[in-house]
Structure formats: C-alpha cells, structure tokens
Amino acid sequence: MNRIDQAFQKDHKLLSIYFSAGHPHLEDTTRILELLQQSGVDMVEIGLPFSDPLADGPTIQDSSTRALENGMTTDKLLDQLKDIRQSIDLPLIIMGYFNPMLQYGVERFCKRCSEIGIDGLIIPDLPVDVYHENYQALFETYGLYNMFLITPQTSEARVRYIDEVSKGFIYMVSSASVTGAQSSFGDPQAAYFKRIASYDLQTPRIVGFGISNADTFQTATQQAQGAIIGSAFIKFLENEGVEKIPEFIQRIR
Amino acid sequence: MKYNVDERGYYGDFGGAYIPEMLYPNVAHLKEHYVQISQEASFQKEFKALLRDYVGRPTPLYFAERYSEKYGTKIYFKREDLCHTGAHKINNTIGQILLAKRLGKSRIIAETGAGQHGVATATVCALMGIQCIVYMGAIDIKRQAPNVARMKMLGAEVRPAQSGSKTLKDATNEAIRDWINNPEDTHYIIGSVVGPHPYPDMVARYQAIISEEIKSQLQEVEGRDYPDHVVACVGGGSNAAGTYYHYLDRPEVNIIAVEAAGKGIDSGESAATSALGKEGIIHGSKTLLMQTPDGQITEPYSISAGLDYPGVGPMHAHLFRSGRAEFISVTDDEAMTAGLELSQLEGIIPAIETAHAFAIFEQRKFGPEEVVVVNLSGRGDKDLNTYIDYFKL
C-alpha cells in the first residue's frame, strides 16, 4: 500500500509540511526530513525549486530563488534523497513545477522517484486534463500518485472529475490566492470546506495555503482530513534554523 | 499542414494551457466566450469604429522609394508606428477591453516590459473608465521612466515586480499571481501572443487587422492581395502574428521572422529564442524558451526592451519548427545601424524593436521584382535615450 494511503488510516488529522529543497542551505534536505519525522508530522512535501513559481507568494518565491542560488538542481535533489528510505518512512511527495520535470524527462524523473521511494507528486501547473490524457499511465507504471488542487472557484463537475482521476488526496486550496497569503479563516472558507465535504468524494482532502499556526490548522481540519503548512514553516526555518523544527511542530499540535 | 491554432489550443506541438487550477475557471471562461463575443456584430462595430476613429486605422501601406532603391527590391512599410500610442500594441488592448466589458469585469491588470503595452492598456482603461494596474519589473521601471510617467498620467497604478530577475517575465508572473488572487472581477490583458490558450489566438485575432489591411492595400497598388515576403520582428510575437495572420496558409507568401541576437547568438547575451530555446513551458504555454539544462528559465538580453522575452509565442515556435517561416537574427549593432539608416533614408525614426526587422536587408537579398512588406511596428520616440547613448548624438 502507498504510504500516503497508510497515513490516512491514522485516527488523527494529518499534519503535512512543505519546504523548498536547498533552502536555507543546500545540504539541509535530509536533516529537515529527519527532524520532521522525529517531531511526528504525518507527511512531507519536498519542494523542487523553480525560477518562476507562479502559484506561489513571496515567501516560497524567495526560498525557491535562494535554493537555486545555493546550487539546487533536479539531479542534486534526487541524489540527496537517494538513500532516504534507510531513515525516513514518512510519505514523501515532491512538489514542483512542470518545466524542470519536462527537461529532466518525465519518464526518467518518475523512474528515479520510484527507485528512491517517493510516494507521489504535486505539479501545480500540470492540469488534470493534460495529466489524464498524457501522463497518468506513466505515473501509474512507476507507482506514483499525482495530487491535484481545487479552489473555491472550482466547479462541482470539475471537483468530481478531479476526484475520479485522483489518488492519495485532493489538495484543497483554502481561498483564491497564491501560497502564504492569509492569516485567518472566515465564513467563506467554512462554507467552502463544508460544500466540498458534502460532495462525499472518494478521495480524502487536505487543506493548504494560509495555514500557519494551531488555530488555522484546527479550523482547516474541521471539514478535512489534514492540512499542509508551507510558507510559515519556511519563515520559521529562516528565522530560527533547522534544529528548532521540533518547537515549530509542537506549537501546531 | 495547418499553421493556425487547432480546436485544442495548439499550434502543432506548441501551445495549450499549463496553468495552476486557481486560474482554470477564468481561462476556461475566456476560452468558451472569446470567439463568440469577438464575432458578435455589436462587438465588431465598436471594435472597428474605435480602430478607425481612436487608433487612426487603417494605417498606411507606404511604398518606400529610397529604401527600395538602396536594396534593389520593392519594399512597403506597414505603418503601425502611426497608431495612437505609437505602436501596434493598442489593436489588442482595444479588443481585450471590449471583451472585458462584455465579460462584466471591472478591474484590468497587465504586464509590461518596455512600457508600450502598459501604456496601451492604461490608455484603453482611461477611455473606458476602468481601474488599471500594470505590473512592471523593478529594473524596467528605472530604465523606462517616461513610459511609467505616461501610465500614471493615464490614471494607471504601476506596481513594481520585485521577484526573480525583476524584468518582463517576472512582471508577467506577478500579473498572473494578481489574477489568482482576484479571480472574480479582474481581466488580465496579456500584451503578446503568449500565455495559456486562448491568449495566443485571441491576441493574434485582434492584431490580424494588420494583415487584413495589407491585403486590401496591396490589391490596390500591386493588383494582388499578397506580397512575396512579409517581415516582422519577434519578441513574444504580437506584431508578427498580426502581420502573418492572413498569410499563414498562403504558401506563395514567404514569412520572415526577425529575432534579437543581442550581442551575438553565442555571446551569452542574446534573445534569439529560435536558436537558443528548447521546448518547455513558460507562462502557461508549451513553446520554445531559453532555459538552463535543468529547466530554469533564463534572462535574455537585447538592447531593445520589447524583444527580451525568454520565450516566443507558440504560433511562432510552430512556424519555426515546421519550417514555414524563415528565422533571421540581428544583433544590437545591426539593428541600431538600420534604425539610423531608416531615419535618414525615409525620415522615420523606428522603435529599436522595429529596427531589427529592417536590419535584414543587409544580410538577405531579394529580387528586383519581388514585393516585400515590413511591419513598421512602432515609432522610436521611446528609444531616443538609447539612440542618443549609442550614437553619441
């Protein structure tokens, strides 16, 4: 069974963490993963940095740019993760834009991910229709899940289509925004979370964008099975350093 | 082979809509409505009236006698430099503002590099009384102060793009992020034939007025509606798309695309995407773009701010790969020399982008009976400082 599916069998709300690989320092990747595992997070999204991350707000733009300046590349990241399964049994997802994967060769990329023991991918600018038509078979050959985003503007028909194509989970973007945009959740979010919950989808849902602390984690997971924290975690890494990761996680839980 | 867009939004291998889900509803809505709205009689009536009375169309097709004599062939200039605001850019912004009104949008965003598209967008927003926000790279804001002032005078807000390389591609990223953050009331007026489908086709259709006019104007003076060659400079490629549009499927017309080689194709400072680009995805479109082997988008260089886009519209990528168009690249020096020559032979100071198109006559020979139409896409006022510095005027 895919580690992502296993995670959803836990009886608590899942906490998933995103960070940009290669930031704050090029060689931080494995140490960050070890500390996240020790702190008890349920899943990790490893960001493959891109020069033009157009769905991301200033924090992740900045961490991506700095990761690239530090020398992060697709090959470098896959090398860093080569033996990761000797120490980490968390579900691991690589999240990145499509162009670097396209240049690496989509099949070659999938193959390496599969060899390493990556469980799935999130590719914000690979639309579900294009995936369905051109890449789904390939991803399945290599046992990789591909997760899709939905937003408050996504129509019911499209949510159902995404549910059909999806494996693992659906990434529910909390509001119409780029990443890291807001600090609290109001009625519109609550209504949206409820509306999606009422569709009775087969795929579990995780909320992302704008989750930064225990409060927003709590609210976000009332109608979903988990939540993802990205920008707030990256800011913490910058200010407090990698070794303090357990403090950040304890504050959320 | 077909050279225009297909029903899936592709030009051969290129195009499509590689966009985050957050943009899907807006882009899908546009895709469903842009053709139908643009073809409505009321739209066409308003569009044509504004192009005539406000933009100053049709622009002349001018037989350049001294220029023709010098290069031993028959050369016509399509005078887009005479459009209101000084370039072809306004054809597209007029079309898109009329579309935005019909889509019920009350807020306009745009990206701009040199500021020409920003000015053209600010202009139509002033004309229609609609809020306008223009994203411009922080570095470009410093380089293009007069156009920033023009946009402000027209009532637009100019927001600096501080991310990445702080130039056109980053301004485009910022505009896309704004659209993600404002999905309900906002229309994004892209300035070139780039971005996710339907933008490349939509912008090409609004610019197609250029070749529509060339056809009837040539018919009058040459007794046939086509030239032997059409020539245009290509950055993103909007003036070129308009110039080629009605000739794409006319094999008797040779299409010439002129790219900016900057300091030379192999100098590391160039914007010649056909020579240096590889297939990839930029701003939601699969096309040729300049990038590292690792797929990171790189910063191009040209003396002309309007040509330093790291990608090229998918239509042009297809024209290149299929061999339908002849691609020629021209260096900074060649373009500047051509700009000076055009000024002194014909009394027309061209935009430096446009000057690239004219530089080809030094490297590409044409027969004495051949008819060549060059799109004179913009006037050079905005580039005076660059000309002054370069020629020590």
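Residues numbered from 1 in each chain as written. Chains lettered and ligands numbered in written order. Predicted model: local features only at pLDDT ≥ 70, side-chain atom pairs only at ≥ 80, totals over all residues. Heavy atoms only, no water.

A word on the overall build of chain A
Thinking step 1. Across its full length, chain A holds 12 helices and 8 strands.
Thinking step 2. Scaling as 2.2 N^0.38, a compact globule of 253 residues should have a C-alpha radius of gyration of about 18 Å, and chain A matches this with 17 Å.
Thinking step 3. For the C-alpha atoms alone, the extent of chain A along its principal axes is close to 45 × 40 × 35 Å.
Thinking step 4. Counting only residues that meet the buried cut, chain A has 61% of its 253 residues in that class.
Thinking step 5. A fraction of 74% describes how many contacts in chain A between residues 6 or more apart in sequence connect residues 24 or more apart.
Thinking step 6. Charged side chains in chain A number 21 positive and 32 negative. The centres of these two groups are separated by 3 Å. (Helix = DSSP H or I, 4+ residues; strand = E, 2+ residues; numbered from the N terminus. Rg over C-alpha atoms; globule rule 2.2 N^0.38 Å. Buried < 20%, exposed > 50% of the residue type's maximum accessible area, 1.4 Å probe, protein only. Contact = heavy atoms within 4.5 Å. Lys, Arg positive; Asp, Glu negative; His and termini not counted. Charge placed at Lys NZ, Arg CZ, Asp CG, Glu CD.)

What to know about the pairing of strand E12 (residues 285-289) of chain B
Residues and elements named next belong to chain B.
Thinking step 1. Burial within E12 is extensive, with 5 of its 5 residues counted as buried.
Thinking step 2. Where strand E11 (residues 278-282) and E12 come together, 5 bridges link them in antiparallel fashion. Within E12, the residue paired with Gly280 across the bridge is Thr287.
Thinking step 3. What sits between E11 and E12 in their antiparallel hairpin is a turn of 2 residues, with His283 showing a positive phi close to 50 degrees. (Pairing = 2+ DSSP bridges.)

Observations regarding helix H14 (residues 332-346) of chain B
Residues and elements named next belong to chain B.
Thinking step 1. With 15 residues, H14 extends 21 Å from end C-alpha to end C-alpha; this agrees with the ideal 21 Å at 1.5 Å per step.
Thinking step 2. Asp332, Ala335, Met336, Ala338, Gly339, Glu341, Leu342, Ser343, Leu345 and Glu346 are the residues of H14 that are buried.
Thinking step 3. Phi turns positive, to about 70 degrees, at Gly347, one or two residues after H14. (Expected span 1.5 Å × (residues − 1).)

Some words on the environment of Ile209 of chain B
All names here are of chain B.
Thinking step 1. Along the chain, Ile209 turns up in helix H10 (residues 209-222).
Thinking step 2. Taking the relative accessible area as the measure of exposure, Ile209 reaches 8% and is therefore buried.
Thinking step 3. Along the primary structure Ile209 and Ile282 are separated by 73 residues, whereas in three dimensions their C-alpha atoms are 27 Å apart.
Thinking step 4. When near neighbours in sequence (up to four residues on either side) are disregarded, Ile209 contacts Lys48, Leu51, Arg57 and Asn91.

Brief notes about the environment of Ser322 of chain B
Residue and element names in this part refer to chain B.
Thinking step 1. Looking at the element boundaries, Ser322 is found in the loop between helix H13 (314-321) and strand E13 (325-331).
Thinking step 2. In sequence terms Ser322 and Gly12 are 310 residues apart; their C-alpha atoms lie 8.4 Å from each other.
Thinking step 3. Ignoring anything within four residues of it in the chain, the contact list for Ser322 reads Met1 and Tyr3.
Thinking step 4. Only 3.3 Å separates the side chain of Ser322 from the backbone nitrogen of Arg324, close enough to count as a polar contact. (Polar contact = N/O pair within 3.5 Å; in protein donor to acceptor, adjacent residues only side chain to side chain.)

A closer look at the sheet that holds strand E3 (residues 92-96) of chain A
Residue and element names in this part refer to chain A.
Thinking step 1. Strands sit in the order E1-E2-E3-E4-E5-E6-E7-E8 around a closed barrel of 8 strands; the barrel is parallel. Across the sheet, the mean angle separating the axes of adjacent strands is 25 degrees when strand polarity is ignored.
Thinking step 2. Bridging between strand E1 (residues 14-20) and strand E8 (residues 226-229) involves 4 bridges; their strand directions are parallel. Across the sheet, residue Leu15 finds its bridge partner in E8, namely Ala227.
Thinking step 3. This element, helix H9 (residues 187-198), spans strand E5 (145-150), strand E6 (170-173) and strand E7 (205-208) of the sheet and lies at about 155 degrees to E6.
Thinking step 4. Across the sheet, helix H11 (residues 231-240) touches E1 and E8, and the angle it forms with E1 is around 55 degrees. (Axes fitted to C-alpha atoms, helices over the stretch in contact; angles between N-to-C directions.)

Here's the deal with the domain arrangement of chain B
Residue and element names in this part refer to chain B.
Thinking step 1. Each domain of chain B was delimited in the assignment, giving domain 1 (10-50 + 89-203) and domain 2 (56-87 + 208-391).
Thinking step 2. Taking the mean C-alpha position of each, domain 1 and domain 2 sit 22 Å from one another.
Thinking step 3. Summed over both partners, the interface of domain 1 with domain 2 buries about 3,000 Å², with 63% contributed by carbon and sulfur atoms.
Thinking step 4. Per-residue buried area on domain 1 facing domain 2 is highest for Phe14, Tyr18 and Lys169; these three make up 22% of the total on that side.
Thinking step 5. Inspection of the domain 1/domain 2 interface yields 2 salt bridges.
Thinking step 6. Between Glu212 and Lys48 there is a salt bridge, and its shortest N-O distance comes to 3.9 Å.
Thinking step 7. Taken together, domain 1 and domain 2 are joined by 13 residue pairs in polar contact (both at pLDDT 80 or more).
Thinking step 8. Elements that contribute at least two residues to the side of domain 1 that touches domain 2 include exactly strand E2 (14-15), helix H4 (89-102), helix H5 (116-128), helix H8 (168-181) and helix H9 (199-207).
Thinking step 9. Looking at which element gives the most residues to the side of domain 1 that touches domain 2, the answer is H8, with 5 residues.
Thinking step 10. Among the residues making up the side of domain 1 that touches domain 2, the classes are represented as 16 nonpolar, 15 polar and 6 charged. (Domains from an automatic or database assignment. Buried area = accessible area lost by both parts, 1.4 Å probe. Salt bridge = Lys/Arg side-chain N within 4 Å of Asp/Glu carboxyl O. Nonpolar A, V, L, I, M, F, W, Y, C, P; charged D, E, K, R; others polar.)

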